[in-house]
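# Observations on the three-dimensional arrangement
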Amino acid sequence: MSIVITGAKRTPFGRYQGGLSETEPLDLAVHAAKAALDAAGAGTGQIDQIFVGNCIPGAFEAASVTGRQIGLKLGLDVFTTTVDTACCSPLTALRLAQWGLRLGEIRSALVVGVESMSRVPHLTRQLRAGVRIGEVKLIDPIFPITYPGYSSVAVDASDGAERYGVPKRMLDAFAMGSHLKWAAAARAGKFADEIAPIRARKGRAETLLAEDEQPRPDGSIARIAMLPPVFGSKTTTPGNAPGLNDGATAMVLMTDERAKELGAPVLAELVEQAGVTDSPNGISWVPALAIRKVLQRSALRLDGIDLIEINEAFAAMPLVSTKILADGDEERWLRLLERTNVNGGAVAIGHPVGASGLRILMTMVYELRRRGGGRGVAAICGGLTQGEAAIVKVDGQGGGR
Amino acid sequence: MSELRYERDGASGLVTITIDTAGPVNAIGGEFVAELFAAVERAAADGAKGLMLVSGKPKSFLDGANLLEIRKSASAFELGHLLDKLHDALAALARSPFPVVAVVQDQTALGGGCELLLWCCDHVFATEGSRIGLPEVNVGLFPAAGGMEALRRLAGMETMLAIVLGGRTMPAGELAGLGIVTVAPAKELRARAREWLLAHPGQVNRNLDPARKAVDEARRGEWPAMIAEARRRSCVCPEKPWFRAALDALEEGLSLPFEQAVRAERKHFAPLIEHPNVQNKIDLFLNMTGVAPRLAAVAADKARPVDSLAVMGAGLMGRGIAQVCADAGMRVLLFDVDEATARAGRERIGAELEPLVKKGKWTAERRDKLLGRIEPGADRRALARVPLVIESVFEDLALKRKVLAEIRAASPDIVFASNTSTLPMNELAEGSDHPELVVGMHYFSPVPLMPLLEVVRGPRTSPEALATAVAAGRRQKKTVIVVGDGPGFYTSRTFGVFVLTGFILAELGLDPWEVDRLAVEAGFPQGPLNVYGTAGGNVIYHACMAMKERMGERLDVPPSLERMWKAGYVGAGKPCFYKEKMEPDRTALEHLGRRPGAKPPEPAEAKEMLLLAMTNQAFQCIDEGVLDDFFTVDLGAVLGIGVPDCWHGPARYASQRGLRVVRDRLRVLHDKYGLACFRPAREFDRLIACGADRALV
């Protein structure tokens, strides 16, 4: 038995306070899910369970059972599970689905990742007990993104780059490269495979968004390099980090038998997944650990992998992680980088934190298909250092290294 | 109105328009043009008896197009539209029934601002210190708002061509001879302007007056030859299309009445903005003003106050450094081997400024104040009174170390800045007390004219010493770049490769004068072999040898360099590649070797080799930690060592060709010629792996 991906779609990713900022995250999730179900040709009764990843539930009107809310809107009365492993969430949701499929408890699943960072409310706990006198202090949970007792993620990324000898110039170059690679892919129409255009209302205007909003391919490395570091980090700047974004992603998974029964199109095989942890400040290198673990579980070597996606939570993540995977050998490192995030990454496209995991996986699936097949590994880091990685395989003439 | 203020004096009927656009200097954008047109119509409707143009900015009357605005859209259609609208407004002002004057009070009227004066103003009242000019070619454009036509009529074809093609800006006094500019003290300007307006009702704009002929009408027959000569001089480099566009526009206008001639300039002017090299020029200008001051990021609070400093060595460079310091208001202790030599140095500075004072470019007061701030010294103990000493003695490591030791003895904690062009700070400071107080301040000759200062941070240089050097450089109004340590730092090393590649091309069998011609065609201000003579063969030879000693096989020094030097072909009075008036000195050929079996490169390849050798060297500097950012790469190369500004610098040049293409071409050249300067820098691999094949700067 193998597990196959039969549908994979996403909304375009919106800029902070951009075109999707007034759309409810629930609607984003439903939009992506519908598009993925349609692409898979999966009707009612053909999905056995829903798994949802989401990181900041406070952005929803009701911050609970997000999965069930989505299911009901889709008309799918099946059991739902909503998980939070920070940015790992959607790939963890995918892994839960994989478990269920492997156990034989379910034969198909809908997996969704969703995040609306523009809609995260400011918080206060003071009003619950009442304020008798004095100010009310509002906390912004996404400024900076941090956890009590730990450094902000911007600092961890910067420290990781320093520890592994990745100079700032390369962080900035990789960031600019992300925009340029995105622009080349967008010009070639590559994102049409994965993006389900969405009508969205902002203010009084309703527009059809069909493209990611954030990329700025007209910049330059030198301009990026002029930006000052943020949150007390040494090298993390707004230029080598993604923004705070809005978007949703969805995939339909089935066992190969079920897909055959239903005549569903097979985009790729989901070969293996793995989750890891490391010291809480290790977000920049944990994708490398996750990739190593998933390779080991599937008895594959990196040489046998055609494409790599490492989420650009910061430009440091793909750089540090590939350097580790290359065992510090510079020549090997540069060769790995050349096949990493080939159509750009979160620095350009954006990083709706609970949605990106499935985005990097589907971007890679479609690119493997365009290349005539092959294997790819996608990895993402999550807050306080958890990591998820997944290997996919697309059959075809060009498959495998 | 937001960019102009309109005021009408009811009693006299005179209208005053005060130009005050958004931004630090007055600039012409869409909003300004619309408002100017409306103001002219309003003045006509008000029955104005005269119109006076003044500026609300302290230092700027009106300084050309809003470059940010036109660069942002970079559209020929939009620029053409803006120009049409500007023509409409200026034409309306010129045709107005009332006289028009401008008052320029210690301000600048540049580009379109100057054209406004030339086309529309019946008279201009300016202070002596005001500066007026047409610098458009410096940003890859040309004066297309009547400037060329109006100035040609006033000053004659030859003068106009020199000003326009040279991108010149002049003190108002220099224009007084044209008959439309009156120089007067600031406090009299407005009153005299008012008087003039009231005394000239119904003045017909001179450009529209069919009876008024060009001042050199009698030489009309010579105009084509003058234009042809200008083409020969200015259009050598096809990468600078603005010169050709200017001359094409001028030629077309010769047979047309004034306004039609000006209108016809549009089709030559507007498309320029879409040319990448024009965009490079504009970007370079914007970066020089906007980015450069933020580039050398140092701990400014650690800088010692540099109201005074010492200069050690009163040679050509030392005098230049002393001059720019004193001109910027710093007190300078000038030392040389003895007090008499130092005193003679100061006198020579005065003598060298004399022609500027005579020509009216400098006031005598400015020179006298400057000289007053230079104190020739004998007693080294005086060094204890100043925070910084800049040494500019002969380029010899042992000598410089000796000077450093003497200075340390006299003033143990003075910041010691060396104006060496090649010697690494680390070697200089070796064995001295306080190596952390040693820093490089590499000036370019002639110091008062060259805008760049390369500050060199040695591996031990302290933030304090670095900040002090940068602060001193900024005070001297230099564009300061900070680079890392190494033989020849960034600029000398990259400049050296330019000259050496010139020799190598000659050794490969190209005629040396053809090498220089090709370099100029590629956009360089001078060819590499010409530079060898003008910069001084002695200096170049010693610099190259000092770098070779330290760089080993990373630097190829062709044997011909040594042969030329040994034969005494070093320029500056001695023979070299050129005799007087750029006549080739063919005896130089006797000292040039030929590479056995070499085939001379095709002209296109030779030009590319010069550009790629320098570009690659800049990227090798990144590999070695001498450089870290691409603004520094480009500004340093253009301002310091003559990399063609139409390319914006090595980083933009590589970006525009694409890094993969550049790396591939370097590999081909390296395989073909086996020269280290073409071994692709590792940085190309890193950038390409990062997906950044272009967009470096």
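Residues numbered from 1 in each chain as written. Chains lettered and ligands numbered in written order. Predicted model: local features only at pLDDT ≥ 70, side-chain atom pairs only at ≥ 80, totals over all residues.

Turning our attention to the overall build of chain B. Looking only at helices and strands, chain B has 30 helices and 18 strands in total. If you line up chain B on its principal axes, its C-alpha atoms span 80 × 60 × 50 Å. Across the 697 residues of chain B, 53% fall into the buried class. A separation threshold of at least 6 residues defines the contact pool for chain B, and within that pool the share at least 24 residues apart is 75%. (Helix = DSSP H or I, 4+ residues; strand = E, 2+ residues; numbered from the N terminus. Buried ≥ 20, exposed ≤ 12 C-beta atoms within 10 Å, placed from the backbone. Contact = placed C-beta atoms within 7 Å.)

Moving on: the overall build of chain A. Tallying secondary structure elements over chain A gives 13 helices and 11 strands in all. A globule of 401 residues ought to have a C-alpha radius of gyration of about 21 Å, and chain A, at 20 Å, matches this closely. Overall, chain A is about 65 × 55 × 40 Å in size when its C-alpha atoms are taken along their principal axes. Put simply, 79% of the contacts in chain A that link residues at least 6 apart link residues at least 24 apart. (Rg over C-alpha atoms; globule rule 2.2 N^0.38 Å.)

Attention now moves to the interface of chain B and chain A. Facing the 17 residues of chain B at the interface are 18 residues of chain A. Counting residues per element, the side of chain B that touches chain A draws most heavily on helix α30 (residues 682-689) of chain B, at 4 residues. Along the lines of polarity and charge, the residues of the side of chain B that touches chain A split into 9 nonpolar, 1 polar and 7 charged. (Nonpolar A, V, L, I, M, F, W, Y, C, P; charged D, E, K, R; others polar.)

Residues Val 111, Val 112 and Val 365 of chain A together with Val 389 and Val 455 of chain B are the most contacted members of the largest nonpolar core, which totals 281 residues. If one sorts the elements of this core by residue count, helix α26 (residues 603-623) of chain B sits on top with 11 residues. Among all residues touching Val 389 of chain B, those that are not within four sequence positions of it are Leu 309, Ala 310, Met 312, Leu 383, Ile 407, Ile 414, Phe 416 and Ala 417 of chain B. Judged by nonpolar contacts, the second largest core, of 90 residues, contains Leu 83, Cys 120, Ala 245 and Leu 247 of chain B. (Core = buried A, V, L, I, M, F, W, Y, C linked by C-beta atoms within 7 Å.)

Our focus in this paragraph is the sheet that holds strand β18 (residues 479-484) of chain B. All names here are of chain B. Strand order in this open sheet of 8 strands is β13-β12-β11-β14-β15-β16-β17-β18, and the pairing throughout is mixed. Looking along the sheet, the strands with just one partner apiece sit at the ends: β13 (374-376) and β18. Pairs of neighbouring strands in the sheet enclose a mean axial angle of 25°, with direction left out of account. Summarising the sheet, strand β16 (residues 438-443) and strand β17 (residues 452-457) pair through 4 bridges and their orientation is antiparallel. Residue pairing for β17: His 442 is matched across the bridge by Glu 454. (Pairing = 2+ DSSP bridges. Axes fitted to C-alpha atoms, helices over the stretch in contact; angles between N-to-C directions.)

Right, let's get into the pairing of strand β5 (residues 100-104) of chain B. All names here are of chain B. Within β5, 5 of the 5 residues are buried, which leaves the element mostly enclosed by the surrounding structure. Residues Val 100, Ala 102 and Val 104 line one face of β5 and the alternating positions Val 101 and Val 103 line the opposite face, and both faces are buried. The pairing of strand β3 (residues 50-55) with β5 spans 3 bridges and is classified as parallel. Residue pairing in the sheet places Met 52 in a bridge with Val 101 of β5. The pairing of β5 with strand β7 (residues 123-126) spans 4 bridges and is parallel. Along β7, the bridge assignment pairs Ala 102 with Val 124.

Below, the discussion takes up the domain arrangement of chain B. If you check the domain split of chain B, you get domain 1 (4-274), domain 2 (295-473) and domain 3 (492-689). Its C-alpha centre places domain 1 of chain B at a distance of 42 Å from the equivalent point of domain 2 of chain B. (Domains from an automatic or database assignment.)

As a further point, take the sheet that holds strand β6 (residues 108-110) of chain B. Adjacent strands of a sheet form backbone hydrogen bonds with each other and so pair up, either parallel or antiparallel. Residues and elements named next belong to chain B. On the basis of which strands lie adjacent, the open sheet formed by 4 strands has the order β4-β6-β8-β9 and mixed pairing. Each end of this open sheet is capped by a strand with a single partner; those strands are β4 (60-63) and β9 (169-171). Neighbour-to-neighbour, the strand axes of the sheet open up by a mean angle of 15°, direction not taken into account. Of the strand pairs in this sheet, strand β8 (residues 131-133) and β9 are connected by 3 bridges, and their pairing is antiparallel. Residue pairing for β9: Arg 131 is matched across the bridge by Pro 171.

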